[in-house]
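# Structural features, examined
The residues making up each chain are set out below.
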Amino acid sequence: MEDDDEFEGEVKRFLYVNRKAPHGTIYALETLETVLIAAAFDQDVSMVFIDDGVYQIKKDWDTTNVNMKNFSKTYRALDGYDVEKLYVEKESMEARGLTEDDLIVDVEVLSAAELSDLMDAQDVVISS
Amino acid sequence: MMLHTVNKSPFERNALSSCLRLAKKGSGILLIEDAVYGALADNAEGKKLAERNGDFKLYVLGPDLEARGVADKPLIDGVTVVDYGGFVDLAAEHDAVQSWL
Amino acid sequence: MKFGILVNEGPFTHQASDTAYHFAKNALAKGHEINRVFFYNDGVNNANKLSEPQADDRNLVKLWSELAVEHKLDLVVCVAAALRRGIKDELIPEGFRISGLGQLVEAGIEGDRLMVFGD
């Protein structure tokens, strides 16, 4: 990643769309790695959690007995990388019986209609 | 306006239904890979999509229909068949592209 | 127009890399530019030259490599994703190179559209 910190240029709106549950597939973990890099490029980064992606930020993971990496704390660290725009779709959260109290990070809960406007205003959408 | 691509069969995954819930009205939706089954008029999922086709501009990737032996099946009203070149044109004509995986 | 392409799956389990390849080829044929193809997640497996598909199957590793040479494309394999999966310099076909995730972000910043092909 030798050139990562040297890029200078325009700021684009990058949206990372998370729709997959953690652990069952690698997408949640590897997407997080990308988000941290985009933030290092001083881009306008947002993350949205919809469908099973909401489970990525469910608190109280204990991965001891599945012996897989517990990267839950990385979501809490996003703030330190200036990734502060985290959105959860209300409909997805409620369909899964979750409330904001179940989540490990502070998020803004938006309805599908509100999220629709937000997603439509992005320049680069990276989904997994 | 954004172009949304969907590559999952609506019989198996919720990618298309989530796209329909969250894509802004008037957006383009291109069905590719296993999602092309969702464009067929004679199946249950195609019938569901047909109820929404006034809200979006619907496209389906022809080579994926052909590969699956369904190119001669009737498509739901208002769906335009494109080839890979047409896919490129759609991506260029819209402001951004979102993939529903 | 300048397209960036992200490929998140390998050449066999999913169709994503095939679709991405056809998209890239047709974009080039229409006179567009591909500023970078970035391989992430299992997509790094597109850069394994030891891959030997059966004779009656397409060889996507070779096709990407040939397309890169012909059009001087920048095919970048993510180093972190590649290391996890044992994809190292000695396995990388002509036309590919290994680099960091910053290259993906840069492709998104510099390009007009970023196309994501995954599963």
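Okay, so let's go over this structure. Bear in mind the structure is a predicted one, so any value in this text is a computation, not a measurement.

## Here's the deal with the overall build of chain B
Within chain B, the secondary structure is distributed over 4 helices and 5 strands. The secondary structure elements of chain B, listed N-terminal to C-terminal, are β-α-β-α-β-α-β-α-β. Computed over the C-alpha atoms, the radius of gyration of chain B is 12 Å, within 12% of the 13 Å expected from 2.2 N^0.38 for a compact globule of 101 residues. Projected onto its principal axes, the C-alpha coordinates of chain B cover approximately 30 × 30 × 25 Å. Looking at chain B as a whole, 58% of its 101 residues qualify as buried. In chain B, the 11 positive side-chain charges and the 15 negative ones have mean positions that sit 9 Å from each other.

## Topic: the interface of chain B and chain C
For an interface, size is often stated in terms of accessible area lost upon the parts coming together. On the side of chain C, 18 residues touch chain B, which itself brings 20 residues to the contact. Linking chain B with chain C are 2 salt bridges. Of the charged contacts, one joins Lys-30 of chain C and Asp-89 of chain B as a salt bridge, the two residues approaching to 3.1 Å between their closest N and O atoms. At the surface where chain B touches chain C, the tally comes to 10 residue pairs in polar contact (both at pLDDT 80 or more). Residue assignment for the side of chain B that touches chain C shows that the elements contributing at least two residues are helix 4 (84-93) and strand 5 (96-100) of chain B.

## Let's talk about the interface of chain A and chain C
Opposite the 25 residues of chain A that make contact, chain C presents 24 residues. In total, chain A and chain C occlude about 1900 Å² of area from one another, counting both sides; carbon and sulfur atoms represent 56% of this. Where chain A touches chain C, the interface holds 3 salt bridges. The salt bridge partner of Glu-30 of chain A is Arg-84 of chain C, with a shortest N-O separation of 2.5 Å. On the surface where chain A and chain C come into contact, there are 12 residue pairs in polar contact (both at pLDDT 80 or more). If you tally residues by element for the side of chain A that touches chain C, the top one is helix 1 (residues 27-40) of chain A, at 8 residues. In the side of chain A that touches chain C, the residues fall into 13 nonpolar, 4 polar and 8 charged.

## Quick notes on unusual backbone geometry
You will see that Asp-82 of chain A, though not glycine, has its phi angle at about 65 degrees, which is positive. Look at Asp-82 of chain A and you get exposed, because its relative accessible area is 60%.

## Remarks on helix 1 of chain A
A rise of 1.5 Å per residue sets the reference length of helix 1 of chain A, with its 14 residues, at 20 Å; its end C-alpha atoms lie 20 Å apart and thus fit the reference within 8%. Every buried residue of helix 1 of chain A is accounted for by Tyr-27, Ala-28, Leu-29, Glu-30, Thr-31, Leu-32, Thr-34, Val-35, Leu-36, Ile-37, Ala-38 and Ala-39 of chain A. Close packing links the buried residues of helix 1 of chain A with strand 1 (13-18), strand 2 (44-49) and helix 2 (72-77) of chain A together with helix 3 (79-84) and helix 4 (102-110) of chain C. Asp-42 of chain A sits one or two positions beyond helix 1 of chain A and adopts a positive phi of about 55 degrees.

## Quick look at the packing of aromatic side chains
All names here are of chain A. With the rule as written, the count across this model stands at 12 aromatic pairs over all chains. Taking 6.1 Å as the distance between ring centres and 65 degrees as the angle between the ring planes, the aromatic pair formed by Phe-49 and Tyr-75 counts as edge-to-face. One end of the pair, Phe-49, is in strand 2; the other, Tyr-75, is in helix 2, with 26 residues separating them in the sequence. Residue Phe-49 is classed as buried on the basis of its relative accessible area of 0%. Each residue in the set Phe-49, Trp-61, Phe-71 and Tyr-75 is aromatic and connected to the rest through ring pairs, giving one cluster. Seen from the ring of Tyr-27, Lys-20 lies directly overhead, with NZ or CZ sitting 4.5 Å from the centre.

## Points about the sheet that holds strand 4 (residues 108-110) of chain A
Working definition: the strands of a sheet are paired by backbone hydrogen bonds and lie parallel or antiparallel to each other. Residues and elements named next belong to chain A. Spatially, 4-3-2-1-5 is the arrangement adopted by the 5 strands of the open sheet, whose pairing is parallel. Because the sheet does not close on itself, it has two edges, and the strands there are strand 4 and strand 5 (124-127). Averaged over all pairs of adjacent strands, the angle between their axes in this sheet comes to 25 degrees, without regard to strand direction. The pairing of strand 3 (residues 85-89) with strand 4 spans 3 bridges and is parallel.

## What about a negative patch on the surface?
On the surface, a cluster of negative charge is contributed by Asp-42, Asp-79, Asp-82, Glu-84, Glu-100, Asp-101 and Asp-106 of chain A. Among the secondary structure elements, Glu-84 of chain A is positioned in the loop between helix 2 and strand 3.

## So, the pattern of salt bridges
As enumerated under the stated definition, the model contains 26 salt bridges over all chains in all. For Arg-21 of chain B, the salt bridge identified is with Asp-51 of chain A, shortest N-O distance 3.1 Å. Residue Arg-21 of chain B is found in helix 1 (residues 15-22), and its partner Asp-51 of chain A is found in the loop between strand 2 and helix 2; the two belong to separate chains. A relative accessible area of 4% means that Asp-51 of chain A is categorised as buried.

About the thresholds
Residues numbered from 1 in each chain as written. Chains lettered and ligands numbered in written order. Predicted model: local features only at pLDDT ≥ 70, side-chain atom pairs only at ≥ 80, totals over all residues. Heavy atoms only, no water. Helix = DSSP H or I, 4+ residues; strand = E, 2+ residues; numbered from the N terminus. Rg over C-alpha atoms; globule rule 2.2 N^0.38 Å. Buried < 20%, exposed > 50% of the residue type's maximum accessible area, 1.4 Å probe, protein only. Lys, Arg positive; Asp, Glu negative; His and termini not counted. Charge placed at Lys NZ, Arg CZ, Asp CG, Glu CD. Contact = heavy atoms within 4.5 Å. Salt bridge = Lys/Arg side-chain N within 4 Å of Asp/Glu carboxyl O. Polar contact = N/O pair within 3.5 Å; in protein donor to acceptor, adjacent residues only side chain to side chain. Buried area = accessible area lost by both parts, 1.4 Å probe. Nonpolar A, V, L, I, M, F, W, Y, C, P; charged D, E, K, R; others polar. Expected span 1.5 Å × (residues − 1). Phe/Tyr/Trp six-rings, centres within 6.5 Å; stacked < 30°, edge-to-face > 60°. Lys NZ or Arg CZ within 6 Å of the ring centre and 35° of its normal. Pairing = 2+ DSSP bridges. Axes fitted to C-alpha atoms, helices over the stretch in contact; angles between N-to-C directions. Patch = residues over 30% accessible without salt bridge, like charges linked within 9 Å, V, L, I, M, F, W, Y side chains within 5 Å. Areas by Shrake-Rupley, 256 points an atom, 1.4 Å probe, with all protein chains shown as cover.

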